[in-house]
Amino acid sequence: MDNTDEVAAGAAVRMAGVRKHYGDVHAVDGVDLTIAPGEVVALLGPNGAGKSTAVDLILGLGTPDHGTVSVFGREPHQAVSDGVIGAMLQSGTLLDDLTVRETVGLVGRLHRRPLPLADALRQAGIEDLAGRRASKLSGGQKQRVRFAIALVADPDLLVLDEPTAAMDVGSRREFWQSMYSFTETGRTVLFATHYLEEAEEFADRVVLMRDGRVVADGSVAEVRALAGGRTIHAVLPGAGPELLRTLPALTDFAQRGDRISLSSTDSDRTLRALLQAAPAAREIEVGAVGLEGAFLSLTSGETEEAIR
Ligand SMILES: Nc1ncnc2c1ncn2[C@@H]1O[C@H](COP(=O)(O)OP(=O)(O)OP(=O)(O)O)[C@@H](O)[C@H]1O
């Protein structure tokens, strides 16, 4: 067994050279990804980046055209039937006439070593909804039932595709609180999301996809740094777009009254030029771009060369 194989055998998820296409669309186009046990990984990317396709391959809902996918050293469908993976997908239909207790209990009985039903309901924060029929649940409550269904297998890996899409801010917070309890036990989570603040707050690691490829992979701080950009905020009475546009290394700017904010690939150069052109600039602050800035920069394609 060489070093790579050893990593693969111990990995929670391993994708090696994975490609999946639908007709002319290369939904996943050569992805190599290893997730270690205990990691909480956010999968980010714009619409159509290939996140759901990657998630489906990990869950054994599709097979790659090329490459291999394994979960704790097993074929994905084997991992699912062994109860190693719990999944929460965007579109899982619930049976309207069953109560929450019946629904989660039914799924639990399909697994060899299910979590006690009461524990699954408690961990998903839906004990008070146990007797309610699915048809009477709100969108956010249904998502929590799907979460309980994912938990009831007592899985080592949870895979969540946009888990909080239908939840309001309060429900989202409670949901992530439940997730914390799950990850504290050292288990692995992979979640696809459009909410950058969720990735920033809850993930140990961010994997950014675009056009079926991984374009950035690292901690939130590392991904931010990859984007390389900085922001400059200042107060500059009388500044006009004509002046700002002439500044070097500028990628974007905004102006509200006397306040300007500049995005730059080389803040030292931009700032020197700014102070030369407008010595009256004051209250200057230079900061790293947020994850949102990094996301936009890394998924727009403009910085592709810079990060390879
Ligand atoms: N079953 C399918 N048949 C044909 N094309 C598909 C199919 N599933 C996905 N695609 C295409 O593959 C590409 C990747 O789609 P995918 O759903 O994986 O992206 P995503 O990153 O999850 O997007 P979103 O954020 O919008 O959910 C898209 O161009 C999509 O149209």
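Since we're looking at a predicted model, the values are computed, not measured. (Residues numbered from 1 in each chain as written. Predicted model: local features only at pLDDT ≥ 70, side-chain atom pairs only at ≥ 80, totals over all residues.)

## A closer look at the site of the ligand
- As a matter of local geometry, the ligand sits amid Tyr22, Val25, Ala27, Gly45, Asn47, Gly48, Ala49, Gly50, Lys51, Ser52 and Thr53.
- Among the secondary structure elements, those contributing two or more residues to the shell around the ligand are strand 2 (25–35) and helix 2 (51–58).
- Here the residues of the shell around the ligand are counted per class, giving 4 nonpolar, 6 polar and 1 charged. (Near = placed C-beta within 6 Å. Helix = DSSP H or I, 4+ residues; strand = E, 2+ residues; numbered from the N terminus. Nonpolar A, V, L, I, M, F, W, Y, C, P; charged D, E, K, R; others polar.)

## Here we look at the sheet that holds strand 1 (residues 13–22)
- Taken in spatial order, the 3 strands make up an open sheet running 2-1-4, and their pairing is antiparallel. Of all strands in the sheet, those bounded by a partner on one side alone are strand 2 and strand 4 (66–71). Neighbour to neighbour, the strand axes of the sheet diverge by 25° on average, direction disregarded.
- In terms of strand pairing, strand 1 meets strand 2 through 8 bridges, oriented antiparallel. Counted as the bridge partner of arginine 19 is aspartate 29 from strand 2. (Pairing = 2+ DSSP bridges. Axes fitted to C-alpha atoms, helices over the stretch in contact; angles between N-to-C directions.)

## Focus: helix 11 (residues 267–277)
- Along helix 11, the residues that are buried comprise Thr270, Leu271 and Leu274. All buried residues of helix 11 lie within an arc of 95° about the axis, which places them on one face of the element. Looking at helix 11, the residues exposed on the side facing more than 90 degrees away from the buried face are Asp268 and Gln276. (Buried ≥ 20, exposed ≤ 12 C-beta atoms within 10 Å, placed from the backbone. Arc of directions from axis to C-beta.)

## Some details on the sheet that holds strand 3 (residues 40–44)
- In space, the 6 strands of this open sheet follow the order 5-6-7-3-8-9, with mixed pairing throughout. Two strands lie at the open edges of the sheet, namely strand 5 (85–88) and strand 9 (213–218), each paired on one side alone. Geometrically, the sheet is characterised by an average inter-axis angle of 15° between neighbouring strands, direction not taken into account.
- When strand 5 meets strand 6 (residues 157–161), the two strands line up parallel, connected through 4 bridges. Opposite alanine 87, over in strand 6, you have valine 159 as the bridge partner.

## Digging into the nonpolar core
- Counting 73 residues, the largest nonpolar core has Val13, Leu43, Ala148, Val159 and Leu208 as its most contacted members.
- Looking at which element gives the most residues to this core, the answer is helix 6 (residues 139–151), with 6 residues.
- Apart from the residues lying within four places of it in its own chain, the contact partners of valine 159 are Val55, Ile58, Leu59, Ile85, Ala87 and Leu190.
- Formed by 10 residues, the second largest nonpolar core is a distinct cluster that contains Ala239, Leu247, Ile260 and Leu262. (Core = buried A, V, L, I, M, F, W, Y, C linked by C-beta atoms within 7 Å. Contact = placed C-beta atoms within 7 Å.)

## Some details on the pairing of strand 9
- Examined bridge by bridge, strand 8 (residues 205–210) and strand 9 share 5 bridges and lie antiparallel to one another. If you follow methionine 209 over to strand 9, its bridge partner there is valine 214.
- Hairpin geometry of strand 8 and strand 9 is characterised by an intervening segment of 2 residues between the two adjacent antiparallel strands and by a positive phi of about 50° at aspartate 211.

## What to know about the confidence of the model for the protein chain
- Looking at the protein chain as a whole, the pLDDT averages 86, with 93% of positions reaching at least 70.
- Contacts of residues 302–308 to residues separated by more than four positions or lying in other chains number 9 contacts, the stretch itself having pLDDT below 50.
- In the model output, the complex is listed with pTM 0.78 alongside ipTM 0.96. (pLDDT = per-residue confidence, 0-100.)

## As for the environment of glycine 125
- Assignment of secondary structure puts glycine 125 in the loop between helix 5 (117–123) and helix 6.
- For the pair formed by glycine 125 and lysine 51, sequence separation is 74 residues and the distance between their alpha carbons is 27 Å.
- In contact with glycine 125, not counting residues within four places along its chain, are Arg144, Glu174 and Ser178.

## A look at the domain arrangement of the protein chain
- What the domain assignment lists for the protein chain is domain 1 (3–224) and domain 2 (229–288).
- Averaged C-alpha coordinates put domain 1 and domain 2 at centres separated by 42 Å. (Domains from an automatic or database assignment.)

## Side note on unusual backbone geometry
- With a phi close to 50°, phenylalanine 72 is a non-glycine residue in the positive phi region.
- Of note, phenylalanine 72 is situated in the loop between strand 4 and helix 3 (76–81).

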